[in-house]
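Structure at a glance
These are the residues of each chain, in order.
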Amino acid sequence: LACSSKAGAASPSRGAVRGRRLPKRLGREQLEELSEQTKLTHKEVRALYSRFRRLAPNGFLDKEQFRNTMGVLGLTDDTFLPDRMFKIFDVDGDEKLSFKEFATSLAVMIRGTEEEKLKLSFDMTAGARGAAGISLDDFHRLINACNSMMSSLVAPSHGPSTKEDVDRLF
């Protein structure tokens, strides 16, 4: 896929060569493809690309960079949720997120159906795509991470907080 009209530009969906910067703009083909695949508007895809380009100018986000970006959501103390998100977002398992992986996964969170969002949440909690189940311990960790994030973003959480509350939900 072309990312710009310049010959030889690196494709953000396939990655960029280390040391090379991502092109300033997505190519028309990639913009169209991502909009179609993700249900995001062209404007939303461009905005995600601009943000991704600032975070990962070489074309990839590694796990540590991804964790650092989660700090704005209050997810700095407990790495459970960022690590699980990274693992599920990293579709090809190469330990780095390309723009396409980043945009496609975030699009499910933004524009996905309830079923797609539930599947993504389940996979993140389980720590694997297509997992058969989740453990009570992982469920506890998910609830604690969500409560922590909500507390740092808005106000103290009124969600389930005791072990018994979480066990009852499970």
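All right, on to the packing of aromatic side chains then. A full pass over the atoms with the stated rule returns 5 aromatic pairs. Here the aromatic rings of Phe-66 and Phe-86 are separated by 5.8 Å at their centres, their planes lie at 55 degrees, and the arrangement is tilted. Separated by 20 residues along the polypeptide, Phe-66 in helix α3 (residues 63-70) and Phe-86 in helix α4 (residues 80-89) bring together distant segments of the chain. Members of the aromatic cluster, joined through ring pairs, are Tyr-49, Phe-52, Phe-99 and Phe-102. The side chain of Lys-96 reaches across the aromatic face of Phe-60, ending 4.2 Å from its centre.

Bringing a positive patch on the surface into the picture now. On the surface, a cluster of positive charge is made up of Arg-21, Lys-24, Arg-25, Arg-28 and Arg-46. If you trace the backbone, Arg-46 turns up in helix α2 (residues 42-55). On the basis of relative accessible area, Arg-46 is assigned to the partly exposed category, the value being 46%.

Moving on: helix α5 (residues 99-111). Over its 13 residues, α5 runs 17 Å from end to end, which matches the ideal 18 Å to within 8%, given 1.5 Å per residue. Inspection of α5 places Phe-99, Glu-101, Phe-102, Ala-103, Ser-105, Leu-106 and Ala-107 among the buried residues, and these make up the whole buried set. The inward-facing, buried residues of α5 abut α1 (28-38), α2, β1 (61-62), α4, β2 (96-97) and α6 (114-126).

We note that Lys-39 has phi near 70 degrees; this positive angle belongs to a residue other than glycine. Looking at where Lys-39 falls in the secondary structure, it is placed in the loop between α1 and α2. For Lys-39, a relative accessible area of 45% gives the class partly exposed. A positive phi angle is found at Glu-95, which is not glycine, with a value near 70 degrees. Along the polypeptide, Glu-95 turns up in the loop between α4 and β2.

It is worth spelling out the confidence of the model for the protein at this point. When pLDDT is averaged across the protein, the result is 79; 75% of the residues are at 70 or more. Looking at the elements of the protein, mean pLDDT is at its lowest for helix α8 (residues 163-169), recorded as 69, and at its highest for β2, recorded as 95.

A packed helix pair is summarised by two numbers, namely the angle formed by the two axes and the spacing between the axes. Contact geometry of α1 with α2 gives a least axis separation of 9 Å together with a crossing angle of 110 degrees. In terms of their interaxial angle, α1 and α2 are classed as roughly perpendicular. Side by side, α1 and α2 meet where Leu-31, Glu-32, Leu-34, Ser-35 and Thr-38 of the first sit next to His-42, Val-45 and Arg-46 of the second. For the contact of α1 with α2, a count of residues per class yields 3 nonpolar, 3 polar and 2 charged.

What follows covers the environment of Phe-139. Along the polypeptide, Phe-139 turns up in helix α7 (residues 136-153). The buried category is assigned to Phe-139, whose relative accessible area is 15%. Measuring from C-alpha to C-alpha, the distance between Phe-139 and Asp-167 comes to 8.7 Å, with 28 residues separating the pair along the chain.

This part covers the pattern of salt bridges. Taken as a whole, this structure holds 7 salt bridges when the rule is applied. The partner of Lys-100 in a salt bridge is Glu-33, and the shortest N-O contact between them spans 3.0 Å. Of this pair, Lys-100 sits in helix α5 while Glu-33 sits in helix α1, and the two are 67 residues apart along the sequence. As a salt-bridge pair, Glu-44 and Arg-111 come within 2.4 Å of each other at their nearest N and O atoms.

Reading the values: rules and limits
- Residues numbered from 1 in each chain as written.
- Predicted model: local features only at pLDDT ≥ 70, side-chain atom pairs only at ≥ 80, totals over all residues.
- Heavy atoms only, no water.
- Phe/Tyr/Trp six-rings, centres within 6.5 Å; stacked < 30°, edge-to-face > 60°.
- Helix = DSSP H or I, 4+ residues; strand = E, 2+ residues; numbered from the N terminus.
- Lys NZ or Arg CZ within 6 Å of the ring centre and 35° of its normal.
- Patch = residues over 30% accessible without salt bridge, like charges linked within 9 Å, V, L, I, M, F, W, Y side chains within 5 Å.
- Areas by Shrake-Rupley, 256 points an atom, 1.4 Å probe, with all protein chains shown as cover.
- Salt bridge = Lys/Arg side-chain N within 4 Å of Asp/Glu carboxyl O.
- Lys, Arg positive; Asp, Glu negative; His and termini not counted.
- Charge placed at Lys NZ, Arg CZ, Asp CG, Glu CD.
- Buried < 20%, exposed > 50% of the residue type's maximum accessible area, 1.4 Å probe, protein only.
- Expected span 1.5 Å × (residues − 1).
- Contact = heavy atoms within 4.5 Å.
- pLDDT = per-residue confidence, 0-100.
- Axes fitted to C-alpha atoms, helices over the stretch in contact; angles between N-to-C directions.
- Parallel < 35°, antiparallel > 145°, perpendicular 65-115°, else oblique.
- Nonpolar A, V, L, I, M, F, W, Y, C, P; charged D, E, K, R; others polar.

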